[in-house]
Amino acid sequence: MPETSSDRHAADLAAARDGDREAMDRLIGDLTPLVWHIARSNGCTPHEAEDVVQNTWLALFRQLDQVRDARALPAWLVTTARRDAYRAARLDARVVSLSDELADNMESTQPAPEEEALRSDHDQRLWRAFAKLSHRNQDLLRRLVINKEPHQDVARALGLSIGSVGPLRVRALNKLRELVKEQDIAHPLDAALVDRLRAAEFTGREFDLFAEQVIDHTRPIVSAWIHSGRMIQEATRAGRRMLRMPEDLTPADVEHLVHTTVTSAWTDFVTTLKHGSWAPDTSLNDHYLDLCVRAFPPIYHAFRKKQFQRHSARKAVREATSPTKNIFTMR
């Protein structure tokens, strides 16, 4: 099973107890957004929130040995930060006025609560996108979505009319979705190209040019990997069981394997693009090469089988026409 954030935090906490400063730094880097969020959501100003973050980590440093269940560390930080934030808010409860125009156009520079109740990579992308929203949209969504406050209370707290809360919520959520989607697209040019090809139903001049470029880019790589034996390693790494590559492959054998592999993989490649199975976190060239690696084992094994059959047939013919065998047969 892949390591979870809880497992990582438990390991770092154990190392921090043994004096590992880098482990403590990792904990601080991972969980400070959570502490910050707790402080701000409990009424602290940015300056007060900084004090709460500092006090919370100092408290943990002093009480490292008292946190017996390492997996409960986030909960311990939440409780400690909430208590300190409550004290800070009681000592200095202030409201900073902010114009609607400034609030709508100001991008948050503070970290988001990335580690609070996160269970997956999707949650991490969501909170990173949340941090890019304006302070006003963050406050609006935090009250409506996280705290489940009634529209009337939100309107009163933010100085809005009740009728505007719903539309503002929709716009804020749409903006959040856009920001999440932007993080998922590591190769936007490839994504845009696939959108155009899909609209053209994967036909036409652009598709033909695309096919030529992708295959011309990948074919020499496949050929080199087959020659060097790396294709076996890559296929094994991808979970495909492979026979060892023979040393007597002729150039014609290699060309046959290359042609069959890229042709078979191209069919799978286009199918994944049509059905939306490709994600733009991988380039189209890398995706096609990966499909070539996955297509190679059955093609290679079928080739070896035919090679063995031809070898057996030639051996049988040689034995049948051997003078020695004829002499023994006559006897």
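**Structural notes on the overall build of the chain**
Here is step 1 of the chain: A count of helical and extended segments in the chain gives 15 helices and 0 strands.
Here is step 2 of the chain: Taken across its 331 residues, the chain has 37% of its residues classed as buried.
Here is step 3 of the chain: When contacts within the chain are restricted to residue pairs at least 6 apart in sequence, long-range pairs at least 24 apart make up 67% of them.
Here is step 4 of the chain: Accessible surface, the chain: about 20,500 Å² in total, of which carbon and sulfur atoms supply 52%.

**Re a positive patch on the surface**
Here is step 1 of the chain: Positive charge collects at one region of the surface, where Lys306, Arg310, Arg314, Lys315 and Arg318 lie side by side.
Here is step 2 of the chain: Relative accessible area serves as the criterion here: at 40%, Arg310 is assigned to the partly exposed category.

**Comments concerning the nonpolar core**
Here is step 1 of the chain: Within the largest apolar cluster, 38 residues are counted, with the highest numbers of intra-cluster contacts made by Phe210, Ile226, Trp266 and Phe269.
Here is step 2 of the chain: Breaking this core down by element, the ones donating at least two residues are helix H10 (188-199), helix H11 (205-228), helix H12 (230-237), helix H13 (251-274) and helix H14 (284-321).
Here is step 3 of the chain: Ranked by residue count, the leading element in this core is H14, at 11 residues.
Here is step 4 of the chain: With sequence-adjacent residues up to four places away left out, Phe269 is seen in contact with Phe210, Val214, Leu284, His287, Tyr288 and Leu291.
Here is step 5 of the chain: Within the second largest apolar cluster, 24 residues are counted, among which are Met24, Leu31, Trp36 and Leu60.

**Quick notes on the packing of helix H2 (residues 21-41) against helix H3 (residues 46-62)**
Here is step 1 of the chain: Close contact between H2 and H3 brings their axes to 9 Å; oriented N to C, the two are set at 135 degrees. When the axes of H2 and H3 are compared, the pair comes out oblique. With respect to the hand of their crossing, H2 and H3 are arranged in right-handed fashion. Facing Met24, Leu27, Ile28, Leu31, Thr32, Val35, Trp36, Ala39 and Arg40 of H2, the residues of H3 in contact are Pro46, Ala49, Glu50, Val52, Val53, Thr56, Trp57, Leu60 and Phe61.

**A look at the packing of helix H7 (residues 135-146) against helix H8 (residues 151-158)**
Here is step 1 of the chain: Between H7 and H8, the least distance of the axes is 10 Å, while the angle of their chain directions is 150 degrees. As far as their axial angle goes, H8 and H7 are roughly antiparallel. Both H7 and H8 take part in a crossing whose hand is right-handed. Contacts between H7 and H8 involve Arg136, Asp139, Leu140, Arg143 and Leu144 from the former and His151, Val154, Ala157 and Leu158 from the latter.
Here is step 2 of the chain: In terms of residue class, the contact of H7 with H8 is built from 5 nonpolar, 1 polar and 3 charged.

**Notes on the pattern of salt bridges**
Here is step 1 of the chain: In the structure shown here, the tally under the stated rule is 11 salt bridges.
Here is step 2 of the chain: The closest approach of N and O atoms between Asp84 and Arg87, which form a salt bridge, is 2.9 Å. Pair noted here: Asp84 and Arg87 are both in helix H4 (residues 73-91), with a separation of 3 residues, about one helical turn.
Here is step 3 of the chain: Its relative accessible area of 12% is what places Asp84 among the buried residues.
Here is step 4 of the chain: By relative accessible area, Arg87 is classed as partly exposed at 45%.
Here is step 5 of the chain: Between Glu255 and Arg219 there is a salt bridge, with its nearest N and O atoms 3.3 Å apart. Of the two residues, Glu255 sits in helix H13 while Arg219 sits in helix H11, which places them 36 residues apart along the sequence.
Here is step 6 of the chain: You can call Glu255 partly exposed: its relative accessible area is 44%.

**Brief notes about H10**
Here is step 1 of the chain: Between its terminal C-alpha atoms H10 stretches 17 Å, which fits the 16 Å expected from 12 residues at 1.5 Å a residue.
Here is step 2 of the chain: Every buried residue of H10 is accounted for by Asp190, Ala191, Leu193, Val194 and Leu197. End-on view of H10: buried residues confined to an arc of 160 degrees, all on one side of the axis. Along H10, the residues that are exposed and aim more than 90 degrees away from the buried face are Leu189 and Ala199.
Here is step 3 of the chain: Positive phi appears at Glu201, one or two residues downstream of H10, with a value of about 60 degrees.

**Structural notes on the confidence of the model for the chain**
Here is step 1 of the chain: Mean pLDDT over the chain: 79, with 80% of residues reaching 70 or higher.
Here is step 2 of the chain: Of all secondary-structure elements in the chain, the lowest mean pLDDT belongs to helix H5 (residues 100-105), at 50, while H13 reaches the highest, 93.
Here is step 3 of the chain: Residue range residues 108-121 is modelled with pLDDT below 50. Its contacts to residues more than four positions away, or to other chains, number 35 contacts.

**Quick notes on the environment of Lys181**
Here is step 1 of the chain: Topologically, Lys181 is positioned in helix H9 (residues 162-184).
Here is step 2 of the chain: In this structure the C-alpha to C-alpha distance between Lys181 and Ala129, which are 52 residues apart in sequence, comes to 9.0 Å.

**Some words on the packing of aromatic side chains**
Here is step 1 of the chain: This structure, assessed with the given rule, holds 8 aromatic pairs.
Here is step 2 of the chain: Between Phe210 and Phe269 the ring centres are 6.0 Å apart and the planes differ by 25 degrees, which places this aromatic pair in the stacked class. One end of the pair, Phe210, is in helix H11; the other, Phe269, is in helix H13, and 59 residues separate them in sequence. Both residues of the pair, Phe210 and Phe269, belong to the buried class.
Here is step 3 of the chain: Ring plane angle 90 degrees and centroid distance 5.7 Å describe the contact between Trp266 and Tyr288, whose orientation is recorded as edge-to-face. Here Trp266 is found in helix H13, whereas its partner Tyr288 is found in helix H14, with 22 residues between them in sequence. A single burial state applies to Trp266 and to Tyr288, both of which are buried.
Here is step 4 of the chain: In textbook terms, an aromatic cluster arises when at least three aromatic residues are bridged by ring pairs, as seen for Phe202, Phe207, Phe210, Trp266, Phe269 and Tyr288.

Conventions used here
Residues numbered from 1 in each chain as written. Predicted model: local features only at pLDDT ≥ 70, side-chain atom pairs only at ≥ 80, totals over all residues. Heavy atoms only, no water. Helix = DSSP H or I, 4+ residues; strand = E, 2+ residues; numbered from the N terminus. Buried < 20%, exposed > 50% of the residue type's maximum accessible area, 1.4 Å probe, protein only. Contact = heavy atoms within 4.5 Å. Areas by Shrake-Rupley, 256 points an atom, 1.4 Å probe, with all protein chains shown as cover. Patch = residues over 30% accessible without salt bridge, like charges linked within 9 Å, V, L, I, M, F, W, Y side chains within 5 Å. Salt bridge = Lys/Arg side-chain N within 4 Å of Asp/Glu carboxyl O. Lys, Arg positive; Asp, Glu negative; His and termini not counted. Charge placed at Lys NZ, Arg CZ, Asp CG, Glu CD. Core = buried A, V, L, I, M, F, W, Y, C linked by side-chain atoms within 4.5 Å. Axes fitted to C-alpha atoms, helices over the stretch in contact; angles between N-to-C directions. Parallel < 35°, antiparallel > 145°, perpendicular 65-115°, else oblique. Left-handed = near helix turned anticlockwise from the far one by under 90°. Nonpolar A, V, L, I, M, F, W, Y, C, P; charged D, E, K, R; others polar. Expected span 1.5 Å × (residues − 1). Arc of directions from axis to C-beta. pLDDT = per-residue confidence, 0-100. Phe/Tyr/Trp six-rings, centres within 6.5 Å; stacked < 30°, edge-to-face > 60°.

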